[in-house]
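Here is how the chains run, residue by residue.
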Amino acid sequence: VQQRALSGAEAVNALRPFYFAVHPDFFGQYPREREVNENSLKRLNGYLENLQKPGSKVVRPVKLTFYVRDTKEFRSVTFMLQTNDVLSTVTNILTSCSLPVEHMKELKEGFGTPKGLPNAGVPIYRPIKWDKTYYTFTGFRDPEQELQEARQVEPTLRWLRNSEPEATKKHNASLPRREELNRLKREWQRSWGVAHKCSQLQSLSRLSHQNPEALTHLQHTVVFADQSGMNASGDVMLGTMDVHHQWTKFQFFQQLPSYRRLQQQTDWLKGRISDLLGGSEVIQLEKLGPIQLIAEHYSTLTTFHNSLMSRGLRLHPRSLHGLTVVLEDRSAPSLHEMGHFIIPTSCDPRKLQLFLQRHASEARSRALHRNLLAEEEAVVTSCLQRLSLRGLSKEPSVSSTQMILCCRRLMEQHSPLMQGLHVCVSHFYSVMQDGDLCVPWNWKS
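Residue numbers restart at each chain and count upward from 1, following the sequence in its written direction. For a predicted model such as this one, the threshold for reporting local features is a pLDDT of at least 70, and the threshold for listing and counting side-chain atom pairs is 80 or more; totals across whole chains, interfaces and linings nevertheless cover every residue. Computation of side-chain values: all heavy atoms of the structure, hydrogens and water removed.

As annotated in an unreviewed UniProt entry, the protein is T cell activation inhibitor, mitochondrial from Cyprinodon variegatus.

*Asks:* Looking at this structure, I do not really get the environment of Ser397. What am I missing?
*Replies:* You can see Ser397 is positioned in the loop between strand S10 (391-394) and helix H16 (400-413). The spacing of Ser397 and Glu38 is 359 residues in sequence and 9.6 Å in space, taken between C-alpha atoms. Contact between two residues is taken to exist if any of their heavy atoms lie within 4.5 Å; hydrogens are not considered. Residues within four places of Ser397 in sequence aside, it is in contact with Gln402 and His427. Strands are runs of DSSP state E lasting at least 2 residues, helices are runs of H or I lasting at least 4, and numbering of each runs from the N terminus.

*Asks:* Explanation requested: the packing of aromatic side chains in the structure shown.
*Replies:* When we look at a pair of aromatic rings, we describe it by the centre distance and by the angle of the planes. Think of it this way: a Phe, Tyr or Trp ring, Trp meaning its six-membered ring, pairs with another when their centres are within 6.5 Å, and the plane angle makes it stacked under 30 degrees, edge-to-face over 60, tilted otherwise. For the structure shown, the criterion picks out five aromatic pairs. Geometrically, the ring pair formed by Phe18 and Tyr19 is tilted, given 5.7 Å between the ring centres and 55° between the ring planes. Under the scheme applied here, a residue whose accessible area is under 20% of the maximum for its type counts as buried, over 50% as exposed, and between as partly exposed, the area being computed with a 1.4 Å probe on protein chains only. Judged by relative accessible area, Phe18 falls into the buried class, the value being 0%. The partly exposed category is assigned to Tyr19, whose relative accessible area is 21%. Ring plane angle 70° and centroid distance 6.0 Å describe the contact between Phe341 and Phe355, whose orientation is recorded as edge-to-face.

*Asks:* When you look at helix H12 (residues 256-276) in this model, what are you seeing that I'm missing?
*Replies:* One turn of an α-helix holds 3.6 residues; hence residues three or four places apart share an orientation. Helix span is expected to be 1.5 Å times the residue number reduced by one. Between the first and last C-alpha of H12 there are 30 Å, a value that for 21 residues agrees with the 30 Å anticipated at 1.5 Å per step. If you check which residues of H12 are buried, you get Leu256, Tyr259, Leu262, Thr266, Leu269, Lys270, Ile273 and Ser274. Buried positions in H12, seen along its axis, are confined to an arc of 140° and lie on one side of it. Opposite its buried face, H12 presents the exposed residues Gln264, Trp268 and Asp275, each directed more than 90 degrees away. Where the residues of H12 are buried, they touch strand S4 (229-230), strand S5 (236-239), strand S6 (281-282) and helix H13 (294-310). Phi turns positive, to about 65°, at Gly278, one or two residues after H12. Our arc is simply the arc of the directions from the helix axis toward the C-beta atoms.

And the structure:
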């Protein structure tokens, strides 16, 4: 007896309460939480796509973190996906986020309906859609209306006229903290939200004085992240949710030798993959996705290497020398604007070979234009000077091309309201707690 698998459309409908609770558009004034949800949704979609691929038996476990909206605030939820069917995965997601699962009953009954039996109809899932009067009477929020309003906000600089006084007030109030941050940065080079940065750097400073032996022979770059460990680039990550004495209790510093051995094995795997991919270099770009732990990165490389070895590629040993490859959880290979090959870890080797051969010339052409970063730096410097800004930065999700276009248009507009402010190029308008002014890269005149 065969069972009906849960379709992609049914999975999307079943996850509607989840999407309304974590959609990045609702986190416009919280850029860090918005970015976490965006990255986690990408990984979740990749996981669901892999489950629905024909012949897919085992999918690599994925650990995800989301910020879930409640009535007037949000909470952080972390859970592990390790089920091998869509229905169990959807149920796991809803349960982990404490969201209702009553509507899953029909799907579970339909999932177990044998095919070929008389009158064994396939149940159709219809999500509940309340009439507008329901929200008026109860006072509850209409999630669809909220999402529509969040998407329809016009990115115009007209908003700047009303927000400049608030941004200036908050910026002036944050100046003492900014000065303290600059002092600490000279000692421990790091950057995040001003008050949060100071707190983490002060904790690191206390750790260095109370446990100097922990950092004396570290020989690694220290970064602050959501959890402690070592990332795929070999940097030591200190969890921002921990305090400094928990960093030492974590036994991480005692585990450094094993992490370094894992890093050596990872480098060896990259070399083997490079030989199989025509001499191209496997790199890790954190701007293209969430931070990956060294153990996860090693597992990804192992899976990809075994896939290449099972069906040998016929690439000339030096045909792709000088080009770069980035492995990601996605459905199809692509070419980044900077010339990097973005390759799915589960990509079919034969299709991959055709893609690499067809796009090698374009990749080399784009790689020659990596001076885009230098152009971006020059435009940012010019924009800082011409608009008399205190600071100018961007979110990781804003590309160099978008940043250059935005800065040039800002200089053409030359709004005096920005003078003396810190501006962050983003995808939305907002005045941050410390007075930073977020402006969407595609703002309208």
